[in-house]
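# Architecture and fold: a report
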Amino acid sequence: MTIHHVPAAGTTLTVHTAGLGRPLVLLHGFPLDHRMWEAQAALADHVRLIAPDLRGFGGSTAAVATSMEQLADDVAALLAALHVTTPAVICGLSMGGYVAQHLAVRHPDRVAALVLVDTKLEADTPDARAARADLAAKVGRLGQGILADAMIPRLLAGSAAARGLPHRAAVEETLRLTILEQPVASIQAALGALGSRPDMTEAMRHVRVPTLLIVGAEDAITPPECLERAEEIMPCTRLLIVPHAGHMTPLEAPAVFNAAVLEFLRHPPGTLGGAAPPA
Ligand code: MLT
């Protein structure tokens, strides 16, 4: 991995890259950073991996996130700063998936294809928004540990088969350490940005790039129905539901995930509107 420090509006972002060739951008979920993609390092044998720490997270904590639109603009800025001239394949998990959707709408010239993972198109319900505000207040009082305790059981698949997977303890450890390292102010700001994100359903009807949808069969945060709805709405999609995985499919089922991404890059679903396959 090579580490870059690149400018984006009013801040500097840390970006990790590896490999050569077609750019594949990996956008992490909340409240994590680029380390959630460690099991995807092998993809660098095939593509140029670009894994930023989004504003507020990991090595990019000089400023906090205020909206998904801002995070999408940051991704466009970092691609320019890294001299990426061809449209990229944009892969985002959950919050990273929301950012990927905004990038496709706001900066279509930057996007050759999408991989939307354990995410959804819809906005928060009022109850979900209120729960985020409560959680932000709790994290302010009690620290990141309360967030790790609340989130990890919901991030990972709960079935006996999933809990028995050999790498389960290591995945839990990675998630806990990563969550504990994120600044409280960044967590609180991102909870606000997540809660106020717009519904993308209408906008995504018009995004015609080849899109791979991946979801864990046991995802409790964005269950398979969310991605099934996206499959109906978006013109050019393929859906994969991964057994024994929850909301962290790339970590929980890395071999299945990586194989699905490579297969998608080789054989993207046909386009209805004549959009180009991944460059
Ligand atoms: C994530 O994994 O990024 C979050 O669960 C997103 C969300 O809470 O909507």
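The following refers to the structure shown.

On to the pattern of salt bridges. Scanning the entire structure with this criterion turns up 10 salt bridges. The shortest N-O distance in the salt bridge between R132 and D124 comes to 2.6 Å. Each of the two residues, R132 as well as D124, counts as buried. Among the salt bridges present, the one from D124 reaches R197, with a minimum N-O distance of 2.7 Å.

This part is about the packing of helix α3 (residues 126-142) against helix α7 (residues 184-195). Contact geometry for α3 and α7: axes closest at 9 Å, N-to-C directions at 175 degrees. With respect to their mutual orientation, α3 and α7 come out roughly antiparallel. Of α7, the residues touching α3 (which contributes R129, R132, L135, A136, V139 and G140) are V184, I187, Q188, L191, L194 and G195. By residue class, the composition of the contact of α3 with α7 is 7 nonpolar, 3 polar and 2 charged.

Bringing helix α6 (residues 168-181) into the picture now. With 14 residues, α6 should reach 20 Å at 1.5 Å per residue; the first-to-last C-alpha distance of 20 Å fits that figure. For α6, the set of buried residues is R168, V171, T174, L175, T178 and I179. Seen end-on, α6 carries its buried residues on one side only, within an arc spanning 125 degrees. Counted as exposed and oriented over 90 degrees from the buried face of α6: A169 and E181. Looking at the buried side of α6, the elements it contacts are α4 (144-155), α5 (160-163), α7 and α10 (249-252).

With 90 residues, the main nonpolar core has L24, F30, I90, L114, V115, L175 and I214 as its most contacted residues. With 7 residues, the top contributor of residues to this core is helix α1 (residues 68-81). Setting aside chain neighbours within four positions, we find I214 in contact with V115, L116, V117, D118, L227, L240, V242, T249, F257, A260 and V261.

With that settled, the discussion passes to the packing of aromatic side chains. Counted under the stated rule, the structure contains 2 aromatic pairs. Measuring from ring centre to ring centre gives 6.2 Å for F30 and F57, while their planes differ by 90 degrees; the resulting arrangement is edge-to-face. Of this pair, F30 sits in the loop between β3 (23-27) and β4 (48-52) while F57 sits in the loop between β4 and α1, and the two are 27 residues apart along the sequence. Neither residue differs from the other here; F30 and F57 are each classed as buried. With 6.3 Å between their ring centres and 40 degrees between their planes, W37 and F257 make a pair best called tilted. Residue W37 is located in the loop between β3 and β4, and its partner F257 is located in helix α11 (residues 254-266); the two are separated by 220 residues in the primary sequence. Both residues of the pair, W37 and F257, belong to the buried class. Residue placement shows R197 over the ring face of Y98; its charged tip is 4.0 Å from the ring centre.

Put simply, F30 and P31 share a cis peptide bond, and its omega is -5 degrees. Along the chain, the position of P31 falls in the loop between β3 and β4. Positive phi is not limited to glycine here, since S94 has a value of about 55 degrees. For S94, the position within the fold is in the loop between β5 (88-93) and α2 (95-106). Given a relative accessible area of 9%, S94 falls into the buried group.

The environment of the ligand is formed by G29, F30, S94, M95, Y98, R132, I221 and H247. A distance of 2.6 Å separates an oxygen atom of the ligand from a polar atom in the side chain of Y98. Within the side chain of H247, one N or O atom sits 2.9 Å away from an oxygen atom of the ligand. When the free accessible area of the ligand is taken as 270 Å², the share hidden by the protein chains comes to 94%.

Criteria and thresholds
Residues numbered from 1 in each chain as written. Predicted model: local features only at pLDDT ≥ 70, side-chain atom pairs only at ≥ 80, totals over all residues. Heavy atoms only, no water. Salt bridge = Lys/Arg side-chain N within 4 Å of Asp/Glu carboxyl O. Buried < 20%, exposed > 50% of the residue type's maximum accessible area, 1.4 Å probe, protein only. Axes fitted to C-alpha atoms, helices over the stretch in contact; angles between N-to-C directions. Helix = DSSP H or I, 4+ residues; strand = E, 2+ residues; numbered from the N terminus. Parallel < 35°, antiparallel > 145°, perpendicular 65-115°, else oblique. Contact = heavy atoms within 4.5 Å. Nonpolar A, V, L, I, M, F, W, Y, C, P; charged D, E, K, R; others polar. Expected span 1.5 Å × (residues − 1). Arc of directions from axis to C-beta. Core = buried A, V, L, I, M, F, W, Y, C linked by side-chain atoms within 4.5 Å. Phe/Tyr/Trp six-rings, centres within 6.5 Å; stacked < 30°, edge-to-face > 60°. Lys NZ or Arg CZ within 6 Å of the ring centre and 35° of its normal. Near = heavy atom within 4 Å. Polar contact = N/O pair within 3.5 Å; in protein donor to acceptor, adjacent residues only side chain to side chain. Areas by Shrake-Rupley, 256 points an atom, 1.4 Å probe, with all protein chains shown as cover.

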